Amino acid sequence: MSLEEQSVVFNRPPRLQLPDLPDETIEIPAPPANAAPLNRSWLVAIIPFAGIGAMALFYAVRSTDNSNTLFTALPLVVVAILTLVGTLITQRRQTRQYQRQQDESLLNYIRALENRRVRLQAAYDAQMAILNTGFPPPEVGLNRVHTAPAQLWERRPEDPDFAAFRLGIGDVPSRIRVAVADTDQETDEITRAFTLAETYRLLRDAPVIAPLQQIGSLGVCGGRDPVLLMMRAAVCGLASAHTPQDLHIHLIASGAAREEWRWMEWLPHTSTTHQGGVGDLMAFDSNHVHNLLGGLSQLVDERREHPDIGHVPHLLLIIDGALLESEAVYTTILREGYLIGVSVICLVSTLEQIPGDCRAVVEIRDDGSFRYAQTGGFVGEIPGRAVDTLPPQD
């Protein structure tokens, strides 16, 4: 049966995706300052009482000479007592009003924190939905090829996630920044505010994404098996999301690694004719490496000289081992590839072997965790809880 008879007509429908969230800052106000404490000096109550009491005592003493003065002293005693009682009642009422105002102010602040929490939770859920929909686990992504053909090859060069792939899951910085107002207070309320900010600072167990269009060059180090399983997941994810016309995948490896990469031959992205089973963009010996690099060098030079010709297809070069350190085109891709639609992934054993010009690094640990960091401080280090793996299919 000829290739024409085996071919299947495939229509790529328009991509329907969740709207992206803009970067935003949600401010958490400082707790309300405590009102000035009430002046509860007992002198306020005692001085009037003492003054009236002294007058009553004066008249009481004089009553020994004149009994009528005793009747004058009695009202003063009553007035003194009423003055003391009235002052105490007023102070108590003021205390209650002060406490009521403090409680109401605290309640309003707690309501404000809850309002911020609701907004942050909504943004958190939206970001997680966008990431999980666009970058599902490797097994789910592969199943989509069979169960959701509308999502096969759905990404276009104009999409913001074009040429991006999932590394695994980890604690990803939220796009929603939480700013707590500066304050010198040390109260339970300010502790609540900082706890709220810390809770939503990171997306927990979210997909960790490597955007090849932005970083251009990525160094991956770790044990041989974890690195190969991660790359299988990454390459399959890229191949299922991009058409062979939009993404070309090149591979350079030693002859000893041919069997470990043979599965890639069946991807149409590794063929200049976009046919599975050809794999003419894969090189395992010096002659093929020379020819592959010659073709890449020509494309890179054309794009550098004529930036208006466009950067499609995106050219991805995977290098298994430290094989091309002296090649000029390799250095150019490492340093400038992101500017001309060319990227490279370097696979080595240790961090020290990663080329110094790599703009991002993935270090896979023996327990399956990893860390991802971009050089230059553009993105802080992202701790990964579990790297993606995709074992060979039977």
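Placed above this text is the structure.
Caption draft 1: Region of the structure containing unusual backbone geometry. Between Val312 and Pro313 the backbone carries a cis peptide bond, its omega angle lying at 5°. Tracing the chain through its elements places Pro313 in the loop between α9 (286-305) and β8 (314-320). In this model, Trp153 sits at a positive phi of 60°, which is unusual for a non-glycine residue. Residue position: Trp153 is located in the loop between α4 (138-147) and β2 (164-173). With phi around 50°, Asp205 is a residue other than glycine that occupies positive phi space. As for its position among the elements, Asp205 is in strand β4 (residues 202-211). A relative accessible area of 35% places Asp205 in the partly exposed class.

Caption draft 2: Structural detail: the pattern of salt bridges. Overall, the coordinates contain 19 salt bridges when judged by the stated rule. Three or more residues are tied together by salt bridges with common partners; here these are Arg15, Glu154, Arg155, Asp159 and Asp161.

Caption draft 3: Examining the side chain of His269 more closely. Tracing the sequence through the fold places His269 in the loop between α8 (258-261) and β7 (282-283). Accessibility expressed as a relative area gives 1% for His269, which makes it buried. In this view, His269 contacts Trp153, Ala239, His242, Thr243, Pro244, Leu247, His248, Ile249 and Leu281; residues no more than four positions away in its chain are not counted.

Quick notes on the rules
- Residues numbered from 1 in each chain as written.
- Predicted model: local features only at pLDDT ≥ 70, side-chain atom pairs only at ≥ 80, totals over all residues.
- Heavy atoms only, no water.
- Helix = DSSP H or I, 4+ residues; strand = E, 2+ residues; numbered from the N terminus.
- Buried < 20%, exposed > 50% of the residue type's maximum accessible area, 1.4 Å probe, protein only.
- Salt bridge = Lys/Arg side-chain N within 4 Å of Asp/Glu carboxyl O.
- Contact = heavy atoms within 4.5 Å.

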